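Observations on the model geometry
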Amino acid sequence: DQQVKQNSPSLSVQEGRISILNCDYTNSMFDYFLWYKKYPAEGPTFLISISSIKDKNEDGRFTVFLNKSAKHLSLHIVPSQPGDSAVYFCAASEGQNFVFGPGTRLSVLP
Amino acid sequence: NAGVTQTPKFRILKIGQSMTLQCTQDMNHNYMYWYRQDPGMGLKLIYYSVGAGITDKGEVPNGYNVSRSTTEDFPLRLELAAPSQTSVYFCASSYIVSGNTIYFGEGSWLTVV
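A short note on the side chain of A:K37
All names here are of chain A. Tracing the backbone shows K37 in strand β4 (residues 32-38). Judged by relative accessible area, K37 falls into the buried class, the value being 11%. Within the structure, the side chain of K37 is placed 2.8 Å from the side chain of Y39, a separation counted as a polar contact. Sequence-distant contacts of K37, defined by excluding residues within four places in its chain, comprise G43, P44, T45, G83, D84, A86, V87 and Y88.

What follows is the structure, encoded as structure tokens:
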């Protein structure tokens, strides 16, 4: 029973275009959402987060959108760069209980 | 500032052997966690700790033990290693403030043969 789902295992995007990574959750008690980026042979690194009281948070090329009624969040990367190629994990938390999705592998093609 | 440090980075174990994965953090975080990641899967919580002397089971605790004698250290012990424990292990920490970020170590790749 996955509480956090990332239904696209992989995504390929052309350099300079927009990358959109999606995440769905089932637990309405989650109040904080995070995106992590992971390169091979490294630990996940924090990218961007959003509180449940907001519907959008932006940090440079990265924007996270939250639709609480649909229990859906998305990460937009504009413009995409080859260095963005990595696995992206969505996470949701209730207090200090963090639940992670299975990840989406993003490939940005030059 | 080192953050979360894990050792060893890579290890091969024989079935039935035991070992300890070390984890230390220098951010004075209350919470510490051990996750495992299997291919194509998300991070599964093995054990967590809310402070020194307090530990609790996560989603997949069988075959593992932990201790938390200090705020900084949170070792993970594998007793009687099995092939099903072949995985990548991540230690992480966070501060108690709600809405905070969880920080990960670089991972420990363990193979049981």
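Some words on the pairing of strand β4 (residues 31-37) of chain B
Residues and elements named next belong to chain B. In terms of burial, β4 is largely enclosed, as seven of its seven residues are buried. Burial along β4 is two-sided: Y31, Y33, Y35 and Q37 facing one way and M32, W34 and R36 facing the other are all buried. Note: β4 against strand β5 (residues 43-51), six bridges, orientation antiparallel. From the neighbouring strand, Y35 faces β5, where its bridge partner is L45. In this structure, the hairpin formed by β4 and β5 is closed by a connection of five residues, where G40 is found at a positive phi of approximately 75°.

With respect to the side chain of B:Q6
All names here are of chain B. Note on placement: Q6 falls in strand β1 (residues 4-7). A residue is classified by how much of its surface remains accessible, and Q6, at 10% relative accessible area, is buried. Within the local environment of Q6, its side chain forms a polar contact with the backbone oxygen of Y89, the two atoms lying 2.9 Å apart. Within polar-contact distance, the side chain of Q6 engages the backbone nitrogen of G107 at 3.1 Å. With near-sequence residues (within four places) excluded, Q6 lies in contact with Q22, W34, Y89, F90, C91, G105, E106, G107 and S108.

Quick notes on the rules
- Residues numbered from 1 in each chain as written.
- Chains lettered and ligands numbered in written order.
- Predicted model: local features only at pLDDT ≥ 70, side-chain atom pairs only at ≥ 80, totals over all residues.
- Heavy atoms only, no water.
- Helix = DSSP H or I, 4+ residues; strand = E, 2+ residues; numbered from the N terminus.
- Buried < 20%, exposed > 50% of the residue type's maximum accessible area, 1.4 Å probe, protein only.
- Polar contact = N/O pair within 3.5 Å; in protein donor to acceptor, adjacent residues only side chain to side chain.
- Contact = heavy atoms within 4.5 Å.
- Pairing = 2+ DSSP bridges.

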